[in-house]
Amino acid sequence: MNRNPKITRRALLKGGAALGAGLVIGFRLPLDAAAQQTPGVFAPNQWLKIDRDGVVTITNSVPEMGQGAMTATPMIIADELDADWGKIRIEQAPANPKLYANPVTGNQAYGGSRGVRDHLEMWRKAGAAARQMLKQAAAQEWNVPESELETEPGVVIHRPSGRRLMYGQLVDKASQLPVPQNPVLKTKDQFRYIGKEGIARLDIPVKTDGRAVYGMDVKVPGMLIASIERCPVFGGKVQSFDATAAKAVAGVRHVVQVSNGVAVVATNFWSALQGRRALKVTWDEGALAPLTSAAISKQYEAMSRQAGQVARNEGNAEQALGAGGKVVEAVYQVPFLEHACMEPMNATAHVMPDSVTLWVPTQNPGGHQALAAKLAGVPVERVEVVTTLLGGGFGRRGEPDFVTDAVETSKAVNAPVKVIWTREDDIQHGFYRPATYNVFKAAVDANGQPVAWWHRIVGPGILIQKGRAPKGTIDPAAVEGARNHPYDIPNIRVEWVEKDFGVPIGFWRSVGSSQNAFITESFIDELAHAAGKDPYEYRRALLGKAPRHLAVLDAAAKGAGWGTPLPAGRARGIAVAFSYGSYAAHVAEVSVAPDGGVRVHRIVCAIDCGIAVYPNQVRSQMEGGAIYALTAALYGKITLDKGRVQQSNFHDYPMMRIAEAPKVETIIVDSGQAPGGLGEPGVPPVAPAVTNALFALTGKRIRTLPIDRDLLKRA
Amino acid sequence: MAIPVTINGRQQQLDVPNEMPLLWAIREAAGLTGTKYACGVAQCGACTVHLDGQPVRACVTPTSAARGRRVTTIEGLDAKGEHPLQKAWVEEQVPQCGYCQSGQIMSAAALLAAKPSPTDADIDAAMAGNICRCGTYQRIRAAIHKAAAMKKAGTR
């Protein structure tokens, strides 16, 4: 198999005139009748085209944010097409939901680890249809039955006569044929690329030599650079501003008010920043000005004594809890968290009288197209969106704010404008993973087995805050991972009390599951220890109705050597969770320094994502998910005082670094089921695996994140 | 008054204020965007370049500090993009989003120049200033060891 990505490197570089040198992701116009009829190009659908040289250009609709979409997408299409991997070129799709919307959600927006799992079947059909048409074209050419033909990468073969035609030789004839709606798909044993090892990511070479173009790197002729001063308090507004000193800074061209604050627009970023520092803004800080984290916790606690909406109710948990048996209770809290994408938020917009061009690292090309159209007052079809590479996404890059900034500023100054956020802007003006407060009660029988599970969550609802779920209903994001825990307990009640202080909240890698797995997997561990049982065996006994949970739990335990001796001062913890279509279990091996510092030495992860399309990237996502989760568990905390975020950069919102990073070993459990997600499912079980290990080691139960080292300090 | 700086072997006159961080002079005045902005306060290493061969954080280095000196960015690490680290980065399939990787490679290149066979502890120390939010650390470590072995074997 030719796995040389060099041709793709060329493809990635083409079409860069408007944006200067360096990588520009190919950008293609929507497929229309004209494109269909381009002589010498076979384009049976919006996903692929083949030219007379046999070059296969595949359009990828899923933004490349590090998860490998730019390679997984062509792997799937090329496999069913039986394309020569060395002749693949990849282009990033324009915003055009009619052609490129996710077929499951109906939106051209990407979150929820939906890349492969929602598109696999559609992309396979796109490739298979083209392959069938190429075979039909060859059958006509040779006047033989199609059933006598087969394909090898890039070529149709008639074995009885030994004849061969390259795909490029068949494009004209194939273009005349009708597109089959239900082409025959390969069987698993026929895959060439799907599920195979050794396929190199197409975007890696340009990410090692400086050619990769992220939103931050976009260059447009005549472009100005802007930095926006935002109200430090959420929801605050500009009351007045004095731009005299800002305008006196060399390079500053404009100072304009926009929805999110005051934009200082300059010929370069440094001038914009200096101008911003010289700017004087008087804010109307609004209703959240007195808000503090302490007040939030206190009110959550008060509200935890109110009944909530019932998210799950089986048997009668309250009756079982009052039956006079042993009851275990605990309170768990998690903080707000910011995504901290490595590339700070940014977008470049050129608003013209009747059209807009947007260059943006986006998880939401369709939504951002519609937003830009609305802000600029042009029809949505007149907004061209170029999705650049994303320097991290994690849920942050689907939000509207950075696009609003660029479109409004460009419109105001009548020039193309790149708005660049500072790291401080990023940390202090995010859409945070919600802080929540959780009360657990469990009734256990004489053997320590749970007979009732009662859980009340207090916190805000992301979908409700965004107007995507009605107020007064249960926000699915708030209870995911809590209401669907897998344990077979006769009486279960899960309630949700909505409390939204108005702090902007958003989808943070694995969303509700990120925190609900921590609390449920900690509490089940508490029950195991209260029963004097091994936490792994205790879970096993309750997973009789959850075979896929059980399979990954067993695989992780086996891989980690659960129950085998460890060096002195070390212990293991285990946890399991379902999220975003996949099942994951983790075993963490930890030690604690005398000062309470936690060291995670090793993580073994077992993942069942159904069919594993791109195994090396399954491992990458598990490795990365573990580090993302550990960063949150060990350090992650956004706090508020006077309505302001107190953290500002990596010195006070730290990230895990190389010396602290454990080895992550990934075991792929092949269940043969439909594909699940990967970007998120590697996160949820990590924090509880670590805190459960800490309990095994120290007898101290961590019920609040991040882990407080003072609790673990040895006197 | 323009500041003379040799970037990747090419002498340039950077028409920027003395105090403008070298990062922005490199990215916006010289047009080399491989060097990244991510924190602005020398906390993350995404902007790492070599100044006369030594790794520096360009986001806190005034451009005037580079006057008359040699700056090497990721674009100039190897003429063909085939430095052993770049090859090892591809072989180990290190990057995910990739945004931090220019800085990671520049820090690693300075390490290998000083210590051709680094230990894990050497890697921990030399790479401590570089954050990867995607968490590619174990692959970074493996790639540095691989590049060191390649260099030693002279197989570059």
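Note that the structure is predicted; figures quoted are calculated from it, not measured.

**Observations regarding the domain arrangement of chain B**
Residues and elements named next belong to chain B.
- Along its sequence, chain B is organised into domain 1 (3–76) and domain 2 (84–153).
- For domain 1 and domain 2, the distance between their C-alpha centroids amounts to 21 Å.
- Listed per partner, the contact involves 15 residues of domain 1 and 12 residues of domain 2.
- Sorting the residues of the side of domain 1 that touches domain 2 by element identifies β3 (48–51) and β4 (54–57) as the ones contributing at least two each.
- Element by element, the count of residues in the side of domain 1 that touches domain 2 is highest for β3, at 3 residues.
- Partitioning the side of domain 1 that touches domain 2 into residue classes produces 7 nonpolar, 7 polar and 1 charged.

**Remarks on the sheet that holds strand β7 (residues 155–158) of chain A**
All names here are of chain A.
- The antiparallel open sheet is built from 3 strands, whose spatial order is β6-β7-β8. Two strands bound the open sheet, and with one partner strand each, they are β6 (149–152) and β8 (163–166). Mean inter-strand twist for the sheet, computed between neighbouring axes without regard to direction, equals 25 degrees.
- The strands touched by helix α5 (residues 115–142) within the sheet are β6, β7 and β8, with β6 carrying the most contacts at an inclination of about 125 degrees.

**Some details on the confidence of the model for chain B**
- Looking at chain B, the pLDDT average stands at 97 and 99% of residues meet or exceed 70.
- Taken over the whole predicted complex, pTM reads 0.95, whereas the ipTM for its chain interfaces reads 0.98.

**Regarding the interface of chain A and chain B**
- Across the boundary between the two partners, chain A contributes 47 residues, which contact 46 residues of chain B.
- For the side of chain A that touches chain B, the elements supplying multiple residues, two or more each, are α8 (269–278), α19 (615–635) and β28 (663–668) of chain A.
- Considered class by class, the residues forming the side of chain A that touches chain B number 23 nonpolar, 14 polar and 10 charged.

Scoring rules and cut-offs
- Residues numbered from 1 in each chain as written.
- Chains lettered and ligands numbered in written order.
- Predicted model: local features only at pLDDT ≥ 70, side-chain atom pairs only at ≥ 80, totals over all residues.
- Domains from an automatic or database assignment.
- Contact = placed C-beta atoms within 7 Å.
- Helix = DSSP H or I, 4+ residues; strand = E, 2+ residues; numbered from the N terminus.
- Nonpolar A, V, L, I, M, F, W, Y, C, P; charged D, E, K, R; others polar.
- Pairing = 2+ DSSP bridges.
- Axes fitted to C-alpha atoms, helices over the stretch in contact; angles between N-to-C directions.
- pLDDT = per-residue confidence, 0-100.

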